[in-house]
Amino acid sequence: MTFIPPEGVNPIKALLQFYGSNDGWFNGQRSIIPNFDDYYVFWLTGERRIGKTDLMLRLACDLFIHYNLQTMWVRNKQVELKDPSFHADFLNDAKKHGWAPEEWICSEQGVFESKDKEAEQIIKFQSISTFSNRRGGAHPRVIMIVFDEFTADGSAGNNESDQNGVQR
């Protein structure tokens, strides 16, 4: 089935609706869509290896492919993003499942359309420790920010989860 962007629908919501049950992996249809119009921040929680990160990676790829919109991918420390194993493996699932073309590459700065110096950036990598470097209108096409490998704790306010694993 081919995705056709509907007019007047938030791109993130449209794609999550298109994914449906996400082939048995982390289900954005069940966990995010019911609350989509009421909340701007979603904490995706659950055990490891259930597809939370892959859902966000697929979404980031499709936001660029179908809407020409970018994603900022945030990790806790810059050293995590500079680790060669992180960027060497980042696109593995996206390429395996056909979410990203083979020519897309990943570096310490993020994901690009190709190795060409003029290639468009699809995903911008950023660490919390240097997050203040990203300001204002410098990133008008960033529609989604993914805080990857972060855990919510009680000090950040209400830490209750609904039956679908979405924290509010």
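Residues numbered from 1 in each chain as written. Predicted model: local features only at pLDDT ≥ 70, side-chain atom pairs only at ≥ 80, totals over all residues. Heavy atoms only, no water.

Regarding the pattern of salt bridges
For the structure shown, the criterion picks out three salt bridges. The salt bridge involving Asp148 is made with Arg75; its shortest N-O contact spans 3.4 Å. With a gap of 73 residues between them, Asp148 in the loop between strand S6 (142-147) and strand S7 (166-167) and Arg75 in strand S2 (residues 70-75) connect regions that are remote in the sequence. Exposure class is identical for Asp148 and Arg75. Each is buried. Across the pair Glu120 and Arg141 runs a salt bridge whose closest N-O atoms are separated by 2.6 Å. Here Glu120, found in the loop between strand S4 (110-112) and strand S5 (121-127), pairs with Arg141, found in the loop between S5 and S6; they are 21 residues apart in sequence, far enough to count as distant. (Salt bridge = Lys/Arg side-chain N within 4 Å of Asp/Glu carboxyl O. Helix = DSSP H or I, 4+ residues; strand = E, 2+ residues; numbered from the N terminus. Buried < 20%, exposed > 50% of the residue type's maximum accessible area, 1.4 Å probe, protein only.)

Notes on helix H3 (residues 52-67)
Between the first and last C-alpha of H3 there are 22 Å, a value that for 16 residues agrees with the 22 Å anticipated at 1.5 Å per step. Positive backbone phi, at 55°, marks Asn68, one or two positions downstream of H3. (Expected span 1.5 Å × (residues − 1).)

A few points about the side chain of Asp62
You can see Asp62 is positioned in helix H3. We note that Asp62 is buried and unpaired, the nearest opposite charge coming from Arg58 at a distance of 4.0 Å. Not counting residues up to four positions away in its chain, the partners in contact with Asp62 are Leu15, Tyr19 and Tyr67. (Lys, Arg positive; Asp, Glu negative; His and termini not counted. Contact = heavy atoms within 4.5 Å.)

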